[in-house]
Amino acid sequence: EGRSGVTVKDCYIRGFYYGIKTTTSSDTTIIENNITNNDFYGVYIHQSNNTHVDNNTVTNDNNGIYAISSIETTIANNTIDLNKKFYGVYDYGGTDDTIFDNIFYNNYHGIYMVNSDNANISQNNVTISDVYALFMHTGSTNALIENNNISESQYGIYFKTSSGDNNISNNS
């Protein structure tokens, strides 16, 4: 909490409530970790700036990567398989976040955005989501959503009230 320049790398994290938690922090890097069987969150990011979550494997947690009111969060090259539990990525109130080149498999929801602005959601593979592969909930605006591969979900890309001015292209 309240730290800057922290790196968590090459760890095996299992059996906690929060696998990795960062709050009111900046310039945090979470890279090449195996995060599994944590009670509620694999990675939890709250009111943090410039957090990079890269090349991690998150399995069998209730939520994969959960970001609240954070700016410039980058979630890239991760594999998230929650065994039909909640959110692969949940982003509430984020600004300028990037979700790029991840594999979401076997989750209840793949990518779930709420009141998040200016997101770049690109080149993700979202497969076997029970409900939403990609959900742009209320107030999620100005997103670039392109080149994602989405399959085997009840809803592929779904937009809710007041989610506008989004650029959607080349998704399959």
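Visitor: Explain the pattern of salt bridges here, please?
Guide: Pairing between side chains of opposite charge can happen when their charged atoms approach one another. Inspection of the entire model under this criterion finds one salt bridge. Between Asp 130 and Lys 84 there is a salt bridge, with the nearest N and O atoms lying 2.9 Å from each other. Of this pair, Asp 130 sits in strand β17 (residues 125-136) while Lys 84 sits in the loop between β11 (79-81) and β12 (87-92), and the two are 46 residues apart along the sequence. Given the relative accessible area of 34%, Asp 130 is considered partly exposed. Taking the relative accessible area as the measure of exposure, Lys 84 reaches 31% and is therefore partly exposed.

Visitor: Just to check I follow, could you spell out the environment of Thr 51 for this structure?
Guide: Assignment of secondary structure puts Thr 51 in strand β7 (residues 49-54). Placed 22 residues apart in sequence, Thr 51 and Thr 29 show a C-alpha to C-alpha distance of 5.9 Å. When sequence neighbours within four positions are dropped, the list of residues in contact with Thr 51 reads Thr 28, Ile 45, Glu 72, Thr 73 and Thr 74.

Visitor: So what exactly am I meant to see when it comes to the sheet that holds strand β1 (residues 7-9) here?
Guide: As a general point, the strands of a sheet are linked pairwise by backbone hydrogen bonds and lie either parallel or antiparallel. Here eight strands make up an open sheet; going across it, the order is β1-β4-β7-β10-β13-β16-β18-β20 and the pairing parallel. At either margin of the open sheet sits one strand with a lone partner, and together these are β1 and β20 (167-169). The average undirected angle you get between the axes of adjacent strands in this sheet is 5°. Examined bridge by bridge, β7 and strand β10 (residues 74-76) share three bridges and lie parallel to one another. By the bridge assignment, His 52 is partnered in β10 with Thr 74.

Visitor: Honestly, the packing of aromatic side chains in this entry has me stumped. Any pointers?
Guide: Where two aromatic rings form a pair, the distance of their centres and the angle of their planes describe that pair. Inspection of the entire model under this criterion finds 23 aromatic pairs. Consider the rings of Tyr 112 and Phe 135, whose centres lie 4.8 Å apart with planes at 70°: the pair is edge-to-face. Taken together, the residues Tyr 112 in strand β15 (residues 109-114) and Phe 135 in strand β17 connect sequence positions 23 residues apart. For the pair Tyr 112 and Phe 135, a shared accessibility class is recorded, and that class is buried. Directly above the aromatic system of Tyr 18 lies the positively charged group of Lys 21, at a separation of 4.5 Å from the ring centroid.

What counts and what doesn't
Residues numbered from 1 in each chain as written. Predicted model: local features only at pLDDT ≥ 70, side-chain atom pairs only at ≥ 80, totals over all residues. Heavy atoms only, no water. Salt bridge = Lys/Arg side-chain N within 4 Å of Asp/Glu carboxyl O. Helix = DSSP H or I, 4+ residues; strand = E, 2+ residues; numbered from the N terminus. Buried < 20%, exposed > 50% of the residue type's maximum accessible area, 1.4 Å probe, protein only. Contact = heavy atoms within 4.5 Å. Pairing = 2+ DSSP bridges. Axes fitted to C-alpha atoms, helices over the stretch in contact; angles between N-to-C directions. Phe/Tyr/Trp six-rings, centres within 6.5 Å; stacked < 30°, edge-to-face > 60°. Lys NZ or Arg CZ within 6 Å of the ring centre and 35° of its normal.

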